[in-house]
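# Structure at a glance
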Amino acid sequence: MAITERHEENITGLHVCVDCAAVIANGDWEQIDDYDKYDIRQGLARTSGGYWVLDCGENEENDIDFSTTPCDCCRRKWAGARHGASILDALFS
Ligand SMILES: [Zn+2]
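Conventions and cut-offs
Numbering of residues starts from 1 in each chain and follows the order in which that chain's sequence is written. Only residues with pLDDT of 70 or above have their local features reported here, since the model is predicted, and side-chain atom pairs are shown and tallied only from 80 upward, although totals for entire chains, interfaces and linings are computed over all residues. Three exposure classes are used, based on other C-beta atoms lying within 10 Å of a residue's own C-beta, which is placed from the backbone: buried for 20 or more, exposed for 12 or fewer, and partly exposed in between. Starting at the N terminus, helices and strands are each numbered in turn, a helix being any DSSP run of H or I of at least four residues and a strand any DSSP run of E of at least two. Note on pairing: DSSP must find at least two bridges between two strands before they are called paired. Summary of the metric used: pLDDT quantifies the predictor's per-residue confidence within the range 0 to 100. Here, residues touch in the contact sense if the C-beta positions derived from the backbone fall within 7 Å of one another. For our purposes the nonpolar core covers buried Ala, Val, Leu, Ile, Met, Phe, Trp, Tyr and Cys residues that link as a set through C-beta atoms within 7 Å.

### Here we look at the pairing of strand β2 (residues 51-54)
- Residues W52 and L54 line the buried face of β2, whereas the alternating positions Y51 and V53 sit on a face that is not buried.
- Pairing analysis gives four bridges linking β2 to strand β4 (residues 80-92), with the strands arranged antiparallel. Paired with Y51 across the bridge in β4 is L88.

### Describing the confidence of the model for the chain
- Considering every residue of the chain, the mean pLDDT works out to 92; 97% of them sit at 70 or more.
- When the elements of the chain are averaged for pLDDT, strand β3 (residues 64-67) gives the smallest value, 93, and helix α1 (residues 18-26) the largest, 96.

### Here we look at α1
- All buried positions along α1 are accounted for by D19, C20, A21, V23 and I24.
- Contacts made by the buried residues of α1 are with β1 (7-16), α2 (34-45), β2 and β4.
- Following α1 by one or two positions, G27 adopts a phi angle in the positive range, close to 65°.

### What to know about the nonpolar core
- Core analysis: the biggest nonpolar cluster contains 15 residues, and V16, C20, I24 and C73 have the highest contact counts within it.
- If you list the elements that add at least two residues to this core, you get β1, α1, β2 and β4.
- No other element matches α1, which puts four residues into this core.

### What about unusual backbone geometry?
- For S48, which is not glycine, the phi torsion reads 50° and is therefore positive.
- Here S48 is to be found in the loop between α2 and β2.
- C-beta crowding within 10 Å serves as the criterion here: with 12 such atoms nearby, S48 is assigned to the exposed category.
- In this model, D89 sits at a positive phi of 60°, which is unusual for a non-glycine residue.

### Describing the environment of G57
- Along the polypeptide, G57 turns up in the loop between β2 and β3.
- For the pair G57 and T69, spaced twelve residues apart in the sequence, the C-alpha separation amounts to 24 Å.

### Side note on the environment of C56
- Structurally, the position occupied by C56 is in the loop between β2 and β3.
- As for C56 and H83, which are separated by 27 residues in sequence, their C-alpha atoms are 9.4 Å apart.

### Describing the environment of G84
- Here G84 is to be found in strand β4.
- Of the residues examined, G84 has 20 C-beta atoms within 10 Å and is grouped as buried.

Here you go:
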């Protein structure tokens, strides 16, 4: 019988909108209306067992001033700034 070993990997190169960035960085939900909170909570739950972090330090060059690409977390399509982000310790098998 084959045993599949699970291992953890970081998922890097993601880009999140300013709303998701505020929640990931500070847990700040204040400026977000209830409808958008649902999308963000769904996005935060897509971690494969890991957790979201914003890129910082030398990785801040992953930030984008303006993008029309959907946010990698909440998947909303609002154009605007995107912050570099990663999911750490995601589980794979
Ligand atoms: Zn978002």
